[in-house]
Protein chains: 4
Amino acid sequence: MPGNSFGQAFRFTTWGESHGPAIGCVIEGVPPLIPLKEGDIQPWLDKRKPGQSRYTTQRREPDQVEILSGVFEGRTTGTPISLVIRNQDQRSKDYGDIADKFRPGHADFTYFRKYGIRDYRGGGRSSARETAMRVAAGGVARQVLGHILGAQVVAIRGALVEMGGRPIERNRWNWDEVERNPFFAPDPETAALWAQDLDTARKAGSSLGAIVEVVAEGVPAGLGDPVYDKLDADLAKAMMSINAVKGVEIGAGFQAARLSGEENADEMRASGNRVTFSSNNAGGVLGGISSGQDIVVRFAVKPTSSILTPRSTVDRFNRDTEIVTRGRHDPCVGIRAVPVGEAMMAIVLADHLLRHRGQVGSLPE
Amino acid sequence: MPGNSFGQAFRFTTWGESHGPAIGCVIEGVPPLIPLKEGDIQPWLDKRKPGQSRYTTQRREPDQVEILSGVFEGRTTGTPISLVIRNQDQRSKDYGDIADKFRPGHADFTYFRKYGIRDYRGGGRSSARETAMRVAAGGVARQVLGHILGAQVVAIRGALVEMGGRPIERNRWNWDEVERNPFFAPDPETAALWAQDLDTARKAGSSLGAIVEVVAEGVPAGLGDPVYDKLDADLAKAMMSINAVKGVEIGAGFQAARLSGEENADEMRASGNRVTFSSNNAGGVLGGISSGQDIVVRFAVKPTSSILTPRSTVDRFNRDTEIVTRGRHDPCVGIRAVPVGEAMMAIVLADHLLRHRGQVGSLPE
Amino acid sequence: MPGNSFGQAFRFTTWGESHGPAIGCVIEGVPPLIPLKEGDIQPWLDKRKPGQSRYTTQRREPDQVEILSGVFEGRTTGTPISLVIRNQDQRSKDYGDIADKFRPGHADFTYFRKYGIRDYRGGGRSSARETAMRVAAGGVARQVLGHILGAQVVAIRGALVEMGGRPIERNRWNWDEVERNPFFAPDPETAALWAQDLDTARKAGSSLGAIVEVVAEGVPAGLGDPVYDKLDADLAKAMMSINAVKGVEIGAGFQAARLSGEENADEMRASGNRVTFSSNNAGGVLGGISSGQDIVVRFAVKPTSSILTPRSTVDRFNRDTEIVTRGRHDPCVGIRAVPVGEAMMAIVLADHLLRHRGQVGSLPE
Amino acid sequence: MPGNSFGQAFRFTTWGESHGPAIGCVIEGVPPLIPLKEGDIQPWLDKRKPGQSRYTTQRREPDQVEILSGVFEGRTTGTPISLVIRNQDQRSKDYGDIADKFRPGHADFTYFRKYGIRDYRGGGRSSARETAMRVAAGGVARQVLGHILGAQVVAIRGALVEMGGRPIERNRWNWDEVERNPFFAPDPETAALWAQDLDTARKAGSSLGAIVEVVAEGVPAGLGDPVYDKLDADLAKAMMSINAVKGVEIGAGFQAARLSGEENADEMRASGNRVTFSSNNAGGVLGGISSGQDIVVRFAVKPTSSILTPRSTVDRFNRDTEIVTRGRHDPCVGIRAVPVGEAMMAIVLADHLLRHRGQVGSLPE
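What this report covers is the structure whose coordinates are included nearby. (Residues numbered from 1 in each chain as written. Chains lettered and ligands numbered in written order. Predicted model: local features only at pLDDT ≥ 70, side-chain atom pairs only at ≥ 80, totals over all residues. Heavy atoms only, no water.)

## Description of the relation of the copies chain A and chain B
Rules: Here the copies were fitted onto each other by least squares, based on C-alpha atoms from residues at pLDDT of at least 70 in both. We call two residues contacting when some pair of their heavy atoms lies within 4.5 Å.
Screw-axis analysis of chain A against chain B gives a translation of 0.0 Å along the axis, an RMSD of 0.0 Å, and a rotation angle of 180 degrees. Expressed as a symmetry operation, the mapping of one chain copy onto the other fits a two-fold axis. Take the interface residues of chain A: 100% of them recur as interface residues in chain B, which is what a same-surface contact looks like.

Below, the structure is given as structure tokens:
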């Protein structure tokens, strides 16, 4: 019942604090005989790793993942897979200010109210450092999808589609561009503008929000478990559980509320023994079950709350005070949320693939 | 693991199809000694009940709830509470068309692909009729909140804040108005315009989408279980699992992504032994834990997919065809989603209140 | 988290009190397209039904089960199956004595201490009447096993192997006899002695305990989920959760503790492409996973606590008093525990079959 | 859903193989502000540690536990507690024989049948080495019980009550003796005989079984969650999930089946504002809920399957062969099962204490 796990059939549980000795996770339910080595996981971690451009925190963490169990002679055994990353660059000597003061927009205040104690070092458990283990688990989930679906490749890709209120031009969308700029932008022209926007914000001691879009292609129809574990309900939970996320939408999302019934309902046509759709307002999910179309999810990431501008707040003795959050922080946490969103998508899909197989047996074509 | 339940400590499981003999739910985890009778649940069902205005389906269902277990001499006993509603007005003689054809925008196609069988009568399990049991369970959740929190009243109220792309004027917001119009609109002037919009849509055989806002006041700080069962993550799942919902946001939501760090992070001030905030962009949740501010959730409801305009689709033999969805349908399902959203809010809060009490013991003040 | 459910992939949740309007259960996770009608469930309920001989309670309950959801045109749809049995012969006018007094050996005292309230009518939720729904769910589990395993028939059969300290003669074991006497005894000669023993006990206002053995033949190797959901661990929980059960053992059970290592470890031999074992001390489970041998479970049922002999006890005001439990009771509850034990075996196997299929995919041969 | 976790509110998940780099567990749901350091856990591990007498395996493992998360400045924070033990003395160079052959009585065959792969080094995941993490989690559970119950001390103690078919003399029971002999025997005279029995068995290349009894004193009335998570049902699962356990009983256990109703039902008397019982055949559990009496559980441990006597078996190519299990093994695994049984008792009680507090709020007196 405690909330450190995600998934049912493919299930992972994370542990660890930002400035503790290590962070880690235990992944359960992975089918046996799947090839798995650290090298299958590390590239995804590298993508999320801090310190790769001036637009992310300068904390230096190699984020080297180690597999401690569940793999034998290069293949999974069906037993729990324990992954661990040792924390390196904690630089935790001086926390003076945040030890007693609650940073606005942070979890400092609520953790203290809930538990009566908090590990204030770097945000402790509430730090976005926890998301490294999501990315690691996502790497394993991708192996599971690949192994089970075989030739039917599921491609899960994320991109930043808006930053600081400036959206990309969708007609310039090019997946190949995503890896070529520090923003995971599918539109290089907008990326260039974001670079200016973010430099300006950073220099002003401010920060920017962003919107991330994650798309899964090649997902078979039939995944999702009505009515409370609908595929989109699980995706909403998955994304909303990522630090700093304040909104999630599927397909046309909030815009769907502005369409008429005729505009919104995607029409269907037979195409050989498959079905094609005239549009994808549904975002690939109907009645909580995948339709075979691309699964499209977007989520909004608030601007980093750790800023240099002094802000009013209270301390743990409930006295008024001010705080300036120095330290190494991402001026836009939305950027590094891209690989995290991809990972959560992979995890939700792997989970529902195993769940479907358990109940229904044959996989949907 | 199957997906018919919601909640952990306060947990309910629903069953039943739109045109089966009955629908029902089992609610577990309810503390003992709480006064409970059908009359505590019925008013919420009446609010959601179909056929109350020309803006909702004309299906006539009295939706009389019956308590079958878990209550003794007017009080809960701590054992499971079974609730049932007999279906009355099924009118299921003729399903000719939808028995074989998949309605665009509906779950017909995906249920069939997943299970190889579907109860097509009125949508079967995928019908929004299921939400009646959410409302019933929500009524019980409200009793739990009231019983445990006592004098600290949690007020959970929902309203329609946008329909067919037309938003309310927020400066005219008046909760008292919500019960006075058929749209749960807090702004009567906008409600009058919606009446025209919806009449137009209905006569054109079309339908409209809407946005619902649910606010919980008086929620103590400290509820929510990091990191995967964050209060907002559970709310996102709760709302996204409601039929036709395509997006969920908390507090400033997607708009937060357009604010700067200074604008977004709500500042804090001491106020006696409490804390007040300069704004509520967070929507009452920080780090997945309630802050004591109002919990504010919005969700987008797509326009009803059952429309009179003929649409292209396929049948279960994967042949191209057309469909017109006759029958009794809500021209805007978003309206009746208001009490459903309130119910899901009550359920999430009751669940986390019990979970908090289990782990931490004393309730947050 | 509340404790009214059993199983993970095949999961059922029961509700209802002995003298409430009805009892019922919701079964989730059942694969689609399995033929299911009331007639598939009723025979198992008839086997457990009270009032069939003078050796069971004279309460008259037809125990007619009704399917309320999850089945369409005679086949399961993959959605939750709601089963209900209306209580008929409650005879609940007069509970005077047990309303205030706690019956020794019953749950009266502990329910009251836990919840501060109890439905004392016929034992309320703690009544063995709850086990009717286990038997109903077991009937559905048998359909699942049959449907998935096809030609590989799993035969689940139970028998009473000891009553009042008198064991059967194992060399006289004959499964055909089980249905021919009111004790589910596989040895008619011992059954004749039990008849005398039980008549004596009944006339003396006393009661007898018993030991039940349940055997599942034809179970494929590979079921069970190490390390906490071992097949035998789940069976132990399943059986110990049945009313009045005080002990559970697998295979040689407690006797295994008296064997030497050589005697105990069942040797293996190849037999075509299968494996045979020289003995079955393991009871068909090695390391928590089925080995392909018969699964053999025994459980001990204490003598009925409702007896006519006056017993010392306390009332709810914690005053010393005496109680005589009149009413209609089984002089040996172990008898009717036989079909309940069979049902729990079927449920555990169906659950692990679906779990295995989810994680590993192909079924073990 | 995978089976590597135990408990609901107090929940732990173990990982690791006998000869992998480490074993570990993640404990969730621990209340905040509880003092916790390695030194609170280590003594229990030391009690279970191998190589402490000639009656246990000579594998040398210091079993030094390390806390990696969830504790800050000496107190729990409410976040997951990660514990790890590095494996030291793996001696895994030569597994020749067991790599291909299935040891009778071991999980080798069934793991291979289930997963198609197994980590054969020292039994991999099926090794009793896993139980070290149960003991570690049990140490944390004891801290939880102590912290919540305060002055009402719960004393959890285990003892070996039978070995090789030779039971202790119960009238000589002395808890103080348990720590004074290598068998956790409460009766030193029987311990002396066991020493001879076990030397004989060991020299003959054989092994002995045993019966363990675990008693919890001071447990408040009211713990346990009817009907499927009865306290005794959870204890049965907890104990049966321990390696080599083949039977579990509560209170009078199997012997209860041989008592009459009058003999078995423990009578009650008022004693101040408490209740006393004339006997404890129930083993402290009525209707699945603790009664305030001592909780008494016994479980049977089969003789070690790893013996020097050659045994017939098959290899993974399903060919007949013979095997002699050399290596370092406990001649009676029941001995070291004593601290494991204590740990599982502590875990079940801590879990139900938190569950009770969640649903009912006030703790039972």
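Now, onward.
## As for the relation of the copies chain D and chain B
For the pair chain D and chain B, the best superposition has an RMSD of 0.0 Å and corresponds to a rotation of 180 degrees with a translation of 0.0 Å parallel to the axis. A shared interface surface links the copies, since 100% of the contact residues of chain D are contact residues in chain B too.

## Brief notes about the packing of helix α8 (residues 333-360) of chain A against helix α8 (residues 333-360) of chain C
What counts is decided by this rule: Inter-axis angles, ranging from 0 to 180 degrees, are taken between N-to-C directions of lines fitted to C-alpha atoms, where helices are fitted over the stretch in contact. Segments assigned H or I by DSSP are reported as helices when at least four residues long, segments assigned E as strands when at least two residues long, and all are numbered from the N terminus. Roughly parallel means an angle under 35 degrees; roughly antiparallel, over 145; roughly perpendicular, 65 to 115; everything else is oblique. If you view the pair so one helix is near and one far, a crossing is left-handed when the near helix is turned anticlockwise from the far one by less than a right angle, and right-handed when it is turned clockwise.
It is the contact of α8 of chain A with α8 of chain C, at a shortest axis distance of 7 Å, that shows an interaxial angle of 140 degrees. Between α8 of chain A and α8 of chain C, the crossing angle belongs to the class labelled oblique. For the crossing formed where α8 of chain A meets α8 of chain C, the hand is right-handed. Between α8 of chain A, through L354, R357, G358, Q359 and V360 of chain A, and α8 of chain C, the contact on the second element is made entirely by L354, R357, G358, Q359 and V360 of chain C.

## Structural notes on the interface of chain D and chain B
This is how the line gets drawn: Each of two parts loses accessible area, computed with a 1.4 Å probe, when they are put together; buried area is these two losses added. Any carboxyl oxygen of Asp or Glu within 4 Å of a side-chain nitrogen of Lys or Arg constitutes a salt bridge here. Pairs of N or O atoms are called polar contacts if they sit within 3.5 Å, as long as, within protein, a hydrogen donor faces a hydrogen acceptor (for residues adjacent in sequence, only side-chain-to-side-chain pairs). Nonpolar residues are Ala, Val, Leu, Ile, Met, Phe, Trp, Tyr, Cys and Pro. Charged residues are Asp, Glu, Lys and Arg, and all others, Gly as well, are polar.
On the chain B side, the residues contacting the 12 residues of chain D number 12 residues. Among the residues of chain D in contact with chain B, R357, G358 and Q359 of chain D are the three that bury the most area, contributing 52% of the side total. At the junction of chain D with chain B, the criterion picks out zero salt bridges. The tally of links from chain D across to chain B stands at nine residue pairs in polar contact (both at pLDDT 80 or more). Split into classes, the residues belonging to the side of chain D that touches chain B amount to six nonpolar, five polar and one charged.

## Topic: the environment of P339 of chain D
Residues and elements named next belong to chain D. We apply this condition: Residue exposure (1.4 Å probe, protein chains only): buried if accessible area is under 20% of the type maximum, exposed if over 50%, otherwise partly exposed.
The topology assignment puts P339 in helix α8 (residues 333-360). For P339, a relative accessible area of 4% gives the class buried. Measuring from C-alpha to C-alpha, the distance between P339 and V84 comes to 18 Å, with 255 residues separating the pair along the chain. Sequence-distant contacts of P339, that is, excluding residues within four places in its chain, are made with K47, R48, V135 and F184.

## Things to note about the interface of chain A and chain B
Defined as follows: By definition, two strands form a pair when at least two bridges between them are found by DSSP.
Contacts between the two partners involve 111 residues from chain A and, on the opposite side, 111 residues from chain B. Of the roughly 8,800 Å² buried between chain A and chain B on both sides combined, carbon and sulfur atoms contribute 57%. The three residues of chain A that bury the most area against chain B are K114, Y228 and K246 of chain A, which together make up 11% of that side's buried surface. Counting the contacts that link chain A with chain B gives 10 salt bridges. Its salt-bridge partner being K237 of chain A, residue D229 of chain B comes within 2.8 Å of it at the nearest N-O pair. For the interface between chain A and chain B, the tally reads 56 residue pairs in polar contact (both at pLDDT 80 or more). With three bridges connecting them, strand β11 (residues 245-250) of chain A and strand β11 (residues 245-250) of chain B associate as antiparallel partners. When the bridges of β11 of chain B are listed, E249 of chain A appears paired with G247 of chain B.

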